[in-house]
Amino acid sequence: MNPPVMIALIAIAHAVFAWSAIRRWQLMQIGTSDNRFDKLEDRLLAVWNYAFKQQKMDYYQPAGWAHKLIFVGFLTLTLRTLVLWGRGIYPSWNLFILGPSQPIGKVYEFAKDLVAILTVTGVSVFFYFRVFRPQKRMTLNKEAILILGIIFTMMITDMMYDGASMALAARQGEFCAPDAMIATVAQCQKIATITAPYPMGTEAHASFSFFPSPAGSAFAAAFKSFGPGALVALAQIGFWTHSSLVLIFLNLLPHSKHFHVITAIPNVFFKEMEPPGRLKPLAENTEKLMEKLEAVSGMEDPLAGGIGLARIDQFSWKAILDFYTCTECGRCSDNCPAHRTGKILSPKHLTLALRDHLYDNEPMWTAKEMRWGGKDPVLSELGIEGEKSPERVMEEIEGSHTAPAFTITDLVPNIIHPDILWACTTCRACEEQCPVMISYVDKIVDMRRSLVMIKGEFPHELAKPFQAMEVNGNPWNLSRMDRSAWSDGLDIPMMSDKPNAEVLYWVGCAASYDDRAKKIARSTAKLLKAAGVDFAILGQEETCTGDPARRAGNEVLFAMLADTNAAVLNQYKEAGGAKTVITACPHCFNTIKNEYPDFGAKLEVVHHTDFLMGLLAMGKLKPTKPVTGKVVYHDSCYLGRYNGVYESPREILRAIPGVELVEPEYWNKQRGLCCGAGGAQMWMEEQNTTRVNVKRTLQLVDSGAKTIASGCPFCMTMLTDGLKSQSLEETIQQLDVAEILERSCVVEEAVAPTPVSPLPEEEAAAAEE
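Only a predicted model underlies this, so the values are computations on that prediction, with no experimental measurement involved.

Undergrad: How would you summarise the overall build of the chain if you had to cite specific residues and measurements?
TA: What the chain contains, in helices and strands, is 34 helices and eight strands. Projecting the C-alpha coordinates of the chain onto the three principal axes gives extents of approximately 115 × 85 × 50 Å. In the chain, the share of contacts with a sequence separation of at least 24, taken over all contacts with a separation of at least 6, comes to 78%. Element-wise, carbon and sulfur atoms account for 58% of the exposed surface of the chain, whose accessible area totals about 32,000 Å². Across the chain, the 74 positively charged side chains and the 86 negatively charged ones have centroids separated by 6 Å.

Undergrad: Describe the environment of V606, listing the residues and the values that go with them.
TA: Within the element layout of this structure, V606 appears in strand β4 (residues 604-607). Residue V606 is classed as buried on the basis of its relative accessible area, which comes to 16%. Taking the C-alpha atoms as reference, V606 lies 51 Å from L146; in sequence the two are 460 residues apart.

Undergrad: Describe empty space enclosed by the protein, and please don't skip the residues or the numbers.
TA: Under the criterion given, the structure shown has seven cavities of 30 Å³ or more. Approximately 140 Å³ is the volume attributed to the largest cavity. Lining the largest cavity are 18 residues; nearest its centre among them are D547, P548, H587, W683 and F714. Counting residues per element, the ones that place at least two in the lining of the largest cavity are α24 (509-513), α26 (547-551) and α28 (586-595). In this model, the second largest cavity occupies a volume close to 90 Å³. Surrounding the second largest cavity, 14 residues form its lining, C336, L345, P347, C424 and C430 being those nearest its centre. Of the residues belonging to the lining of the second largest cavity, the class tally is 11 nonpolar, two polar and one charged.

Undergrad: I'd like a rundown of the layout of surface pockets, residues and numbers included.
TA: If you add up the space inside the second largest pocket, you get close to 1,100 Å³. Lining the second largest pocket are 42 residues; nearest its centre among them are I70, F74, F249, H260 and V261. When contributions to the lining of the second largest pocket are tallied by element, the ones reaching two or more residues are α2 (40-52), α3 (63-89), α4 (103-132), α5 (142-175), α8 (228-252) and α9 (260-269). Examining the composition of the lining of the second largest pocket, we find that 11 residues originate from one element, α3, more than from any other.

Undergrad: Tell me about helix α31 (residues 692-701), residues and numbers included.
TA: The element α31 is largely enclosed, with a buried count of eight among its 10 residues. Listed in full, the buried residues belonging to α31 are V692, N693, V694, R696, T697, Q699, L700 and V701. As for α31, its buried residues are in contact with α13 (337-340), β5 (629-633), β7 (707-710) and α32 (713-725).

Undergrad: Pulling in residues and values, what's your account of the environment of W85?
TA: Relative to the helices and strands, W85 is located in helix α3. Residue classification places W85 among the buried residues on the basis of a relative accessible area of 13%. On a C-alpha basis, the gap between W85 and A206 in space is 25 Å, while along the polypeptide they are 121 residues apart. In contact with W85, not counting residues within four places along its chain, are M6, I10, H14, S243, V246 and L247. Within the structure, W85 has its side chain in polar contact with the backbone oxygen of S243 (distance 3.4 Å).

Undergrad: Could you give me a rundown of the packing of aromatic side chains, with the residues and numbers involved?
TA: In the structure shown here, the tally under the stated rule is 27 aromatic pairs. Judged by centre distance (4.7 Å) and plane angle (75 degrees), the ring pair of Y666 and W667 falls under edge-to-face. Residue W667 is classed as buried on the basis of its relative accessible area, which comes to 13%. An aromatic cluster is built from F37, F269, F270 and W317, whose rings are joined through pairwise contacts. The ring of W65 has K68 sitting right over it, with the charged end atom 4.8 Å from the ring centre. The residue whose ring lies beneath R428 is Y642, and the NZ or CZ to ring-centre distance is 5.6 Å.

Undergrad: Let's hear about the pattern of salt bridges: which residues, and what values?
TA: Oppositely charged side chains may form a pair once their charged atoms are brought near each other. As enumerated under the stated definition, the model contains 44 salt bridges in all. The salt bridge involving K112 is made with E109; its shortest N-O contact spans 4.0 Å. Here E109 and K112 lie together in helix α4, a separation of three residues that amounts to about one turn. Judged by its relative accessible area of 0%, K112 falls in the buried class. For E109, a relative accessible area of 14% puts it in the buried group. A single salt-bridge network, built from bridges that share partners, covers D446, R449, D547, R550, R551, E555 and E595.

Undergrad: Residue-level account of the pairing of β4, with values.
TA: In the sheet, strand β3 (residues 580-583) pairs with β4 via four bridges, with the strands oriented parallel. Counted as the bridge partner of I582 is V606 from β4. Once you follow β3 into α28 and on to β4, the crossover reads as right-handed.

Undergrad: Lay out the packing of α31 against α32 in plain terms, naming residues and giving numbers.
TA: Where α31 meets α32, the closest approach of the two axes is 8 Å, and the angle between their N-to-C directions is 80 degrees. Taken together, the axes of α31 and α32 are roughly perpendicular relative to one another. On α32, the residues that touch N693, V694, R696, T697, L700 and V701 of α31 are M718, L719, D721, G722, L723 and S725. Residue composition of the contact of α31 with α32, by class: six nonpolar, four polar and two charged.

Undergrad: Describe the state of the cysteines, listing the residues and the values that go with them.
TA: Scanning the model with the defined rule gives one disulfide in all. With its sulfur 2.2 Å from that of its partner, C176 forms a disulfide with C188. An S-S torsion of about -110 degrees defines the bridge between C176 and C188 as left-handed. Of this pair, C176 sits in the loop between α5 and α6 (185-194) while C188 sits in helix α6, placing them 12 residues apart in sequence. You'll find C176 and C188 in the same group, each marked buried. With no disulfide of its own, C544 lies closest to C509 among cysteine sulfurs, the gap being 3.9 Å. We classify C544 as buried; its relative accessible area is 4%. In this structure C637 is a free cysteine whose sulfur lies 3.8 Å from that of C674, the closest cysteine sulfur available. Assessed through its relative accessible area of 7%, C637 is described here as buried.

What counts as what
- Residues numbered from 1 in each chain as written.
- Predicted model: local features only at pLDDT ≥ 70, side-chain atom pairs only at ≥ 80, totals over all residues.
- Heavy atoms only, no water.
- Helix = DSSP H or I, 4+ residues; strand = E, 2+ residues; numbered from the N terminus.
- Contact = heavy atoms within 4.5 Å.
- Areas by Shrake-Rupley, 256 points an atom, 1.4 Å probe, with all protein chains shown as cover.
- Lys, Arg positive; Asp, Glu negative; His and termini not counted.
- Charge placed at Lys NZ, Arg CZ, Asp CG, Glu CD.
- Buried < 20%, exposed > 50% of the residue type's maximum accessible area, 1.4 Å probe, protein only.
- 1 Å grid on protein atoms, 1.4 Å probe; cavity = no way out; pocket = protein on both sides within 12 Å on 5 of 7 lines; lining within 4 Å.
- Points joined across faces, edges and corners; volume = space filled by probe spheres on them.
- Nonpolar A, V, L, I, M, F, W, Y, C, P; charged D, E, K, R; others polar.
- Polar contact = N/O pair within 3.5 Å; in protein donor to acceptor, adjacent residues only side chain to side chain.
- Phe/Tyr/Trp six-rings, centres within 6.5 Å; stacked < 30°, edge-to-face > 60°.
- Lys NZ or Arg CZ within 6 Å of the ring centre and 35° of its normal.
- Salt bridge = Lys/Arg side-chain N within 4 Å of Asp/Glu carboxyl O.
- Pairing = 2+ DSSP bridges.
- Right-handed = clockwise from strand over helix to strand, strands pointing away.
- Axes fitted to C-alpha atoms, helices over the stretch in contact; angles between N-to-C directions.
- Parallel < 35°, antiparallel > 145°, perpendicular 65-115°, else oblique.
- Disulfide = S-S within 2.5 Å.

Given below as structure tokens:
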């Protein structure tokens, strides 16, 4: 076509892109180290599932399919772009195997055209949702329309180029016949260049042909009456427009939200491979954590000590890659319980605020002295020499008599309002929805850690629970002596009396002290006894797992509690007992299973619904008594999204005669809305009058069920309060799965039984009888 122009275009565009990419790479280097090269097989599988198959796009339809079509379009048309760039230099270039007369070339041509048509369809869907039916969750701006326009134009101009080329190839003999030339000599020269990819004898379709080129032949048919000049112009416009737009699009990526086109695959590859329920400890053990805190407290600027996240350079390089990769789709905020109830938190805007702050200070961070700590004329004047880390450079600048050339901004409250952090329930709905595997909870908790442990700033409601957990081992500050009072009359042995008991029933604080939650513990214990399970409890040896403290940012308190519990658990494990730990609290379940291994306690931990389902499967429990009524199950975040337990509670309910299991529309399983208690919210007041627990309760009530089942004592409290707020506590019951199962099984009554009320529909049926 025009080799000098094509070479210059490719060279300049790639040079500009390289300049932008290097800047982004350098900016990412300010992040702290984070090893993400382990478990390569699992990482590659994640790339296949989430980057190529795009499994999480299925949550939103038809947008999910539209995105997949565009993605496949880009993958397929990458080869096409290489072919066109090559033809700009060598007109007959077909990438060796993709010529119109070659078998592979025909198959590719067919696939390319189909994909291009589907890509146009996908773009049209997004255009509809951007212009005619705007989605609140999305960032609506001109950039998105521009990008959609570029993609659409790239597809159409490629088809146009093919159509004009085919028409010219089919009529070349007519236009340029030596004895009756219709076209000019110059036009014939251009026609020869354009049709060079079609060797002599190649069949060119001047009319529609489904194979091998449905789109190209359709355009060729539309152009069949055009003269040589028009066809040459159409072919050249299509060729150069497509070839140029690809390069323009490439250079827009690093400066727009569409940077995810480049960063999404590596971001998925480098995703966190540890269990979702594990927060990374701040030190190897509690002793080193205390030493680190002591050292930081003696610093002139404690926020620079790396306890939690206080400044943008304390994020890891992977966190910065997260910022780059945000697509601004808003799925995270659309499913966030805090955002949906009007709180200031929006996971999307949290990420964008951090990204924009990073970009706004790019010149400072990418300066040579900040990247490598090398010599610099400005720093040399301040007496700073040699290679130093950014932190060391800042220390010396701040210690000099000359005003600093730049300052590092504290994130809270300058960039992130504290209420944004304290509104989070740590439910992971945002992470479940994110199609590019961005993490949010770890960042929020790390910023809380800095506020709590360095600045001593946290909601005043947390002061008493913190003190209570430290003094009495439970957030309510109730006596340790009463921890096993719930079991009175059940004749349950203590681990201290039976250290070789195979199963340790970890009761948790809520079921030990809350009057309503005690019934969960009693029902669970009765079922275990009825099934002949060899189990025992810890009683006063059990203390709070520390989950509320850790999620609230008080890592020191959590570490103290974890050390205490780990020592007790290991003691009985070494004695031959506690082979399995079961608990009815998903928060205890998650902490012991996923976080206590960092403190030396590695045990088999099972949620009580999983364990009870196993007993049902083995025939050790037999639900025979009908429990009539519609039941809707509420998924606990720390059981479902954190640990993937969705089916066992439902299978138990399905196994109970008379139970009709129903689901709330949309808001179930992975998409289930949080009850509002997680992340230490149980002990904090909500930031506005629209309460998360009420919204969740109404979703469950809308299912038409007369009983709400749950598998978490904290969820039970929140949902019960939600029913009371709507004056529904007399008509709709809230029961744990174990309570409903106990009602159906033939279980021996204990000396001092705690009765479980019948389901409302069953009670009504009995009255009719």
